[in-house]
Number of protein chains: 2
Amino acid sequence: MKQIEIKKDILSAHEMIAKENSELFKRKGTFVLNLMSSPGAGKTSLLERTIELLKNTFSLGVIEGDIATSYDAERINALGVKVVQINTGGACHLDSAMIKNALAEFNTDRLDTLIIENVGNLVCPAEFNLGEDAKVVIFSVTEGDDKPFKYPLMFRLSKALIINKVDLLPYIDCNIKRVIKDANSLNPDLRIFEISCTKRKGLNSWKKWLEEEINKKRNTSLPDE
Amino acid sequence: MKQIEIKKDILSAHEMIAKENSELFKRKGTFVLNLMSSPGAGKTSLLERTIELLKNTFSLGVIEGDIATSYDAERINALGVKVVQINTGGACHLDSAMIKNALAEFNTDRLDTLIIENVGNLVCPAEFNLGEDAKVVIFSVTEGDDKPFKYPLMFRLSKALIINKVDLLPYIDCNIKRVIKDANSLNPDLRIFEISCTKRKGLNSWKKWLEEEINKKRNTSLPDE
């Protein structure tokens, strides 16, 4: 019993800091994405493509979450975008306190969009709000079409689903229609984009959605007190 | 401080039950595998191929771990092998108590090999001993060649690494030599098998290794008291 109470306290502390982060982002008009997926589904590749699409129009920042290494941060750094690497040491997800600490490294007055790449894990990251505007789940067609119902929380809580690596469809057995149907039955409001990051296909509608969301958030920013 | 102590208690309870499981397996001479990987790397396909390879020689049992659904158990059931499905409800890994409960469903006197398929997750399952003889990490070449150093614990603790989906290598950018080099630098004793489960390639050396391990374990079983 005691154990459960303690868990509740930890969760509400995380939620409290997530709310603080969220209020800061609202005040500054910063649109914040939380990219989540299995290892190797293409989060960093999507980030690279997204930076290419947006960096001439918006000021961007990136937070990279990894258990170990700074491989991903080096890839983002090469594109000339400010990036902060969080190494969780072993923890299987980012949390709101890690994000709050990382925010100290950014000039949040000049940030239209912050993109957070979570630890590669289709389970735990969904359970922790970071204060973001939109969770985005990236699914690779190589993972097989049974995944939405096997990992339902991630699909339920996300605003957008990227179906990535569609260029590999001719070589594998994956029924995209089933993925879309199952994902939509878990979450009817889910926006779905079919993309190949490596072949740069299907990126236009993703770009359009992001631009709309970024502009919406910018327009609701509050004046500094 | 209190929180940390409680965590210790939970871990040692898990370890205690893992030890009980391990002792039972030793007494019965049952060789136990714990298959771990990212979602969609091919654990269930490997299981299907492994069952085909072994079922005429050995008596097999399977425990399926999933957050939700019994899709995988249905696939195994179709092969005529006894399978028990554990649905964790949300938990991102199996633990030794779940295995102990599931064991009640098997006749452990007649089980040469038990294969446990863990929840799809390249992080958390590695932290929980189940009482198994060998952890096996399945890595799909579609995940990219940087994964061993990004998820080091899984590779460090495993006895064997299956590099799966090698039939897709012509269509993607993955340097297998780097995977092997990095995995071996984390774990010099790691046995590595390059396999395509869907194309049934590279399975012979995997079969040979399993037969050796199963026979070794059978020979060290203790007489019933």
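This text follows the structure it describes.
Bear in mind the structure is a predicted one, so any value in this text is a computation, not a measurement.

A. Representation of the overall build of chain A in the model. What chain A contains, in helices and strands, is eight helices and seven strands. Since a compact globule built from 225 residues should have a radius of gyration of about 17 Å, the 17 Å found for chain A is in line with a globular shape. Its C-alpha atoms give chain A principal-axis dimensions of roughly 55 × 55 × 35 Å. Considering chain A as a whole, with its 225 residues, one finds that 55% of them fall into the buried category. Partitioning the contacts of chain A with sequence separation of at least 6, the portion at a separation of at least 24 is 73%. When the accessible surface of chain A is summed, it comes to about 10000 Å², and 49% of that surface belongs to carbon and sulfur atoms.

B. Geometry of the interface of chain A and chain B. Chain A puts 35 residues into the contact, and the matching count from chain B is 35 residues. Each partner contributes to the roughly 2800 Å² buried at the junction of chain A and chain B, and carbon and sulfur atoms together form 61% of this total. Among the residues of chain A in contact with chain B, Pro39(A), Tyr71(A) and Lys150(A) are the three that bury the most area, contributing 21% of the side total. The salt bridge partner of Lys150(A) is Asp66(B), with a shortest N-O separation of 3.4 Å. At the junction of chain A with chain B, the criterion picks out nine residue pairs in polar contact (both at pLDDT 80 or more).

C. Expanded view of the packing of aromatic side chains. Per the stated rule, a full pass over the model turns up eight aromatic pairs over all chains. Residues Tyr171(A) and Tyr171(B) carry aromatic rings whose centres are separated by 3.5 Å and whose planes lie at 5° to one another, so their mutual orientation is stacked. Residue Tyr171(A) is found in the loop between strand E6 (160-164) and helix H7 (176-186), and its partner Tyr171(B) is found in the loop between strand E6 (160-164) and helix H7 (176-186); the two belong to separate chains. Using a relative accessible area of 36% as the deciding quantity, one classes Tyr171(B) as partly exposed. By the ring-pair criterion, three or more aromatic residues cluster together here, those being Phe31(A), Phe193(A), Trp206(A) and Trp209(A). If you follow Lys82(A) out to its NZ or CZ, it ends over the ring of Phe106(A), 5.9 Å from the centre.

D. View of helix H2 (residues 43-54) of chain B. Residue and element names in this part refer to chain B. Between its first and last C-alpha atoms H2 spans 16 Å; for twelve residues at 1.5 Å apiece the expected length is 16 Å, and the two agree. Counted residue by residue, H2 has ten buried out of twelve residues, so it is predominantly covered. Three or more residues of H2 are buried, namely Lys43, Thr44, Ser45, Leu46, Leu47, Glu48, Arg49, Thr50, Ile51 and Leu54.

E. Inspection of the relation of the copies chain A and chain B at higher detail. Laying chain A over chain B is done by rotating through 180° and shifting 0.0 Å along the axis; what remains is an RMSD of 0.0 Å. When the rotation and shift are considered jointly, the pair of chain copies conforms to a two-fold rotation axis. When the interface residues of chain A are mapped onto chain B, 100% of them again fall at the interface, so both copies present the same face.

F. Molecular detail of the sheet that holds strand E1 (residues 31-37) of chain A. All names here are of chain A. With respect to topology, seven strands assemble into an open sheet ordered E3-E2-E4-E1-E5-E6-E7, the strand pairing being parallel. Two strands bound the open sheet, and with one partner strand each, they are strand E3 (82-87) and strand E7 (191-194). The average undirected angle you get between the axes of adjacent strands in this sheet is 20°. In this sheet, E6 lies alongside strand E5 (residues 134-140) in parallel orientation, the contact comprising five bridges. In the sheet register, Ser140 faces E6, and the bridge partner there is Asn164.

G. Looking closely at helix H8 (residues 203-219) of chain B. Residues and elements named next belong to chain B. The terminal C-alpha atoms of H8, which comprises 17 residues, lie 24 Å apart, in line with the 24 Å expected from a rise of 1.5 Å per residue. What H8 keeps buried is the set Leu203, Trp206, Trp209, Leu210, Glu213, Ile214 and Lys217. Viewed end-on, H8 has its buried residues packed into an arc of 130°, placing them on one side of the element. Turned more than 90 degrees away from the buried face of H8, the exposed residues are Asn204, Lys208, Lys216 and Asn219.

H. Structural detail: the nonpolar core. Leu161(A), Leu161(B) and Ile163(B) are the most contacted members of the largest nonpolar core, which has 46 residues in total. Every element with two or more residues in this core is listed here: E5, helix H6 (152-157), E6 and H7 of chain A together with strand E5 (134-140), helix H6 (152-157), E6 and H7 of chain B. Residues within four places of Leu161(B) in sequence aside, it is in contact with Val137(B), Phe139(B), Phe155(B), Ala183(B), Leu190(B), Arg191(B), Ile192(B) and Phe193(B).

I. Spatial organisation of the pairing of E6(A). All names here are of chain A. For E6, a buried count of five out of five residues is recorded, marking the element as mostly surrounded by other parts of the structure. For E6 and E7, the ladder comprises four bridges, and the chain directions are parallel. Bridge pairing links Ile163 to Glu194 in E7. In the classification by handedness, the crossover that spans E6, the intervening H7 and the parallel E7 is right-handed.

J. Seen up close, the pattern of salt bridges. Going through the model one piece at a time under the given rule, you end up with 34 salt bridges over all chains. The salt bridge partner of Lys28(B) is Asp109(B), with a shortest N-O separation of 2.6 Å. With Lys28(B) in helix H1 (residues 2-28) and Asp109(B) in the loop between helix H4 (96-103) and strand E4 (113-117), this residue pair connects regions lying 81 residues apart in the sequence. A residue is classified by how much of its surface remains accessible, and Lys28(B), at 23% relative accessible area, is partly exposed. Two residues, Arg200(B) and Glu52(B), come together in a salt bridge whose shortest N-O distance is 3.1 Å. Separated by 148 residues along the polypeptide, Arg200(B) in the loop between strand E7 (191-194) and H8 and Glu52(B) in helix H2 bring together distant segments of the chain. Each of Arg49(A), Glu52(A) and Arg200(A) takes part in a single network of salt bridges with overlapping partners.

K. Region of interest: empty space enclosed by the protein. Following the criterion strictly, the structure yields one cavity of 30 Å³ or more and no others. Approximately 60 Å³ is the volume attributed to the largest cavity. Along its surface, the largest cavity is lined by 15 residues, and Pro39(A), Thr142(A), Glu143(A), Thr142(B) and Glu143(B) are the ones closest to its centre. Across the lining of the largest cavity, the residue classes break down as four nonpolar, seven polar and four charged.

Rules used in this analysis
- Residues numbered from 1 in each chain as written.
- Chains lettered and ligands numbered in written order.
- Predicted model: local features only at pLDDT ≥ 70, side-chain atom pairs only at ≥ 80, totals over all residues.
- Heavy atoms only, no water.
- Helix = DSSP H or I, 4+ residues; strand = E, 2+ residues; numbered from the N terminus.
- Rg over C-alpha atoms; globule rule 2.2 N^0.38 Å.
- Buried < 20%, exposed > 50% of the residue type's maximum accessible area, 1.4 Å probe, protein only.
- Contact = heavy atoms within 4.5 Å.
- Areas by Shrake-Rupley, 256 points an atom, 1.4 Å probe, with all protein chains shown as cover.
- Buried area = accessible area lost by both parts, 1.4 Å probe.
- Salt bridge = Lys/Arg side-chain N within 4 Å of Asp/Glu carboxyl O.
- Polar contact = N/O pair within 3.5 Å; in protein donor to acceptor, adjacent residues only side chain to side chain.
- Phe/Tyr/Trp six-rings, centres within 6.5 Å; stacked < 30°, edge-to-face > 60°.
- Lys NZ or Arg CZ within 6 Å of the ring centre and 35° of its normal.
- Expected span 1.5 Å × (residues − 1).
- Least-squares fit on C-alpha atoms with pLDDT ≥ 70 in both.
- Pairing = 2+ DSSP bridges.
- Axes fitted to C-alpha atoms, helices over the stretch in contact; angles between N-to-C directions.
- Arc of directions from axis to C-beta.
- Core = buried A, V, L, I, M, F, W, Y, C linked by side-chain atoms within 4.5 Å.
- Right-handed = clockwise from strand over helix to strand, strands pointing away.
- 1 Å grid on protein atoms, 1.4 Å probe; cavity = no way out; pocket = protein on both sides within 12 Å on 5 of 7 lines; lining within 4 Å.
- Points joined across faces, edges and corners; volume = space filled by probe spheres on them.
- Nonpolar A, V, L, I, M, F, W, Y, C, P; charged D, E, K, R; others polar.

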